[in-house]
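Reading the structure
Each chain, written out:
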Amino acid sequence: MKKIGVYPGTFDPVTYGHIDIIKRSLKIFDKVILAVAPNPQKAPLFNIVERVSMVQEATRGLKNLQIEQFDGLLVDFAKRQGGIAVIRGLRAVSDFEYELQIALMNRKLDAEVETVFMMPSQEYIYLTSSLVKAVASYGGEIKDFVPDFVLKKLKEKLWKGHP
Ligand code: ADP
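Keep in mind the model is a prediction, meaning the values are calculated, not measured.

This part covers a nonpolar patch on the surface. Taken together, the side chains of V93, F96, L100 and L104 make up a nonpolar region of the molecular surface, amounting to roughly 390 Å² of accessible area. Assignment of secondary structure puts F96 in helix α4 (residues 96-109).

If you want it as structure tokens, here you go:
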């Protein structure tokens, strides 16, 4: 049986932290389905089409990775896709409480879908999409954290109408 992992998130925008987790997951799972959630409650900067397209571009060439959009309950989506586990990235301790809550709720909803936590490389341990957006909005240097084309899209989006 093929082991399929589902990696959900907002990816607003995709960063090297996400890519690090994807690459690590691909060493463990036969296939990884990256699931982009609309998450309107997070008021994303990029719409879902933009986020999916950035993830596609950032992961071009990675084998056994499928990119999907999903809405609704994550465990239902994972089940439909034949996923055996949800993949989440764990950064600093601050992620732990929230992630544990979600993982235990998902287990309650469907005991067959496990959650697997993966740690990124140390240089990405404090990297979040929110931080990247905040720094970029003030013109700070973020080239070590996102691919060049994401940097360009961030500038276009954040500085629209500004010189
Ligand atoms: P969400 O809205 O689900 O938190 P994100 O796009 O912020 O979506 O993150 C998706 C997943 O990727 C989460 O599990 C998050 O912890 C993980 N992640 C984000 N950035 C990093 C990073 N720098 N290192 C490791 N994992 C990360």
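It is worth spelling out the site of the ligand at this point. Taken together, 18 residues form the shell around the ligand, and within it Y7, T10, K42, G89 and Y124 come nearest. Here an oxygen atom of the ligand and a side-chain polar atom of T10 are 2.5 Å apart. Summarising the interface, the protein chains cover 92% of the accessible area of the ligand, which totals 540 Å² for the free molecule. Here the ligand occupies the largest pocket. Residue assignment for the shell around the ligand shows that the elements contributing at least two residues are β1 (4-9), α1 (16-28) and β4 (85-89). Looking at the shell around the ligand residue by residue, the classes come out as seven nonpolar, six polar and five charged.

The subject of this paragraph is the nonpolar core. Y7 and L34 are the most contacted members of the largest nonpolar core, which has 31 residues in total. For this core, the secondary-structure elements that each account for two or more residues are α1, β2 (31-36), α2 (48-58), β3 (65-69), β4, α5 (129-137) and α6 (148-158). No other element matches α2, which puts five residues into this core. Judged by nonpolar contacts, the second largest core, of twelve residues, contains F77, A78, V86 and V113.

A word on the environment of A134. Relative to the assigned elements, A134 resides in helix α5. Given a relative accessible area of 34%, A134 falls into the partly exposed group. Counting along the chain gives 58 residues from A134 to D76, while the straight-line C-alpha distance between them is 33 Å.

Tracing the backbone shows D95 in the loop between β4 and α4. The contacts of D95, once residues within four sequence positions are left out, are G89 and L90.

A few words now on the sheet that holds β1. The strand order β3-β2-β1-β4-β5 describes an open sheet built from five strands, whose pairing is parallel. Across the chains shown, the open sheet's two edge strands, defined by having one partner strand only, are β3 and β5 (114-118). In this sheet, neighbouring strand axes are inclined to one another by 30 degrees on average, regardless of whether the strands run parallel or antiparallel. Sheet topology places β1 next to β4; two bridges connect them, and they run parallel. Residue G5 lies in a different strand from β4, and its bridge partner there is A85. Along the sheet, α2 makes contact with β2 and β3, crossing β3 at roughly 175 degrees. Against the sheet, α4 touches β4 and β5, its axis set at about 160 degrees to β5.

On to α6, then. Note on helix geometry: an α-helix contains 3.6 residues per turn, so any two residues three or four positions apart are oriented the same way. Residues F149, V150, L151 and L154 constitute the buried set of α6. Tucked into the core, α6 has its buried residues touching α2 and α5.

The rules behind these values
Residues numbered from 1 in each chain as written. Predicted model: local features only at pLDDT ≥ 70, side-chain atom pairs only at ≥ 80, totals over all residues. Heavy atoms only, no water. Patch = residues over 30% accessible without salt bridge, like charges linked within 9 Å, V, L, I, M, F, W, Y side chains within 5 Å. Areas by Shrake-Rupley, 256 points an atom, 1.4 Å probe, with all protein chains shown as cover. Salt bridge = Lys/Arg side-chain N within 4 Å of Asp/Glu carboxyl O. Helix = DSSP H or I, 4+ residues; strand = E, 2+ residues; numbered from the N terminus. Near = heavy atom within 4 Å. Polar contact = N/O pair within 3.5 Å; in protein donor to acceptor, adjacent residues only side chain to side chain. 1 Å grid on protein atoms, 1.4 Å probe; cavity = no way out; pocket = protein on both sides within 12 Å on 5 of 7 lines; lining within 4 Å. Sits in = over half its atoms within 2 Å of the grid points. Nonpolar A, V, L, I, M, F, W, Y, C, P; charged D, E, K, R; others polar. Core = buried A, V, L, I, M, F, W, Y, C linked by side-chain atoms within 4.5 Å. Buried < 20%, exposed > 50% of the residue type's maximum accessible area, 1.4 Å probe, protein only. Contact = heavy atoms within 4.5 Å. Pairing = 2+ DSSP bridges. Axes fitted to C-alpha atoms, helices over the stretch in contact; angles between N-to-C directions.

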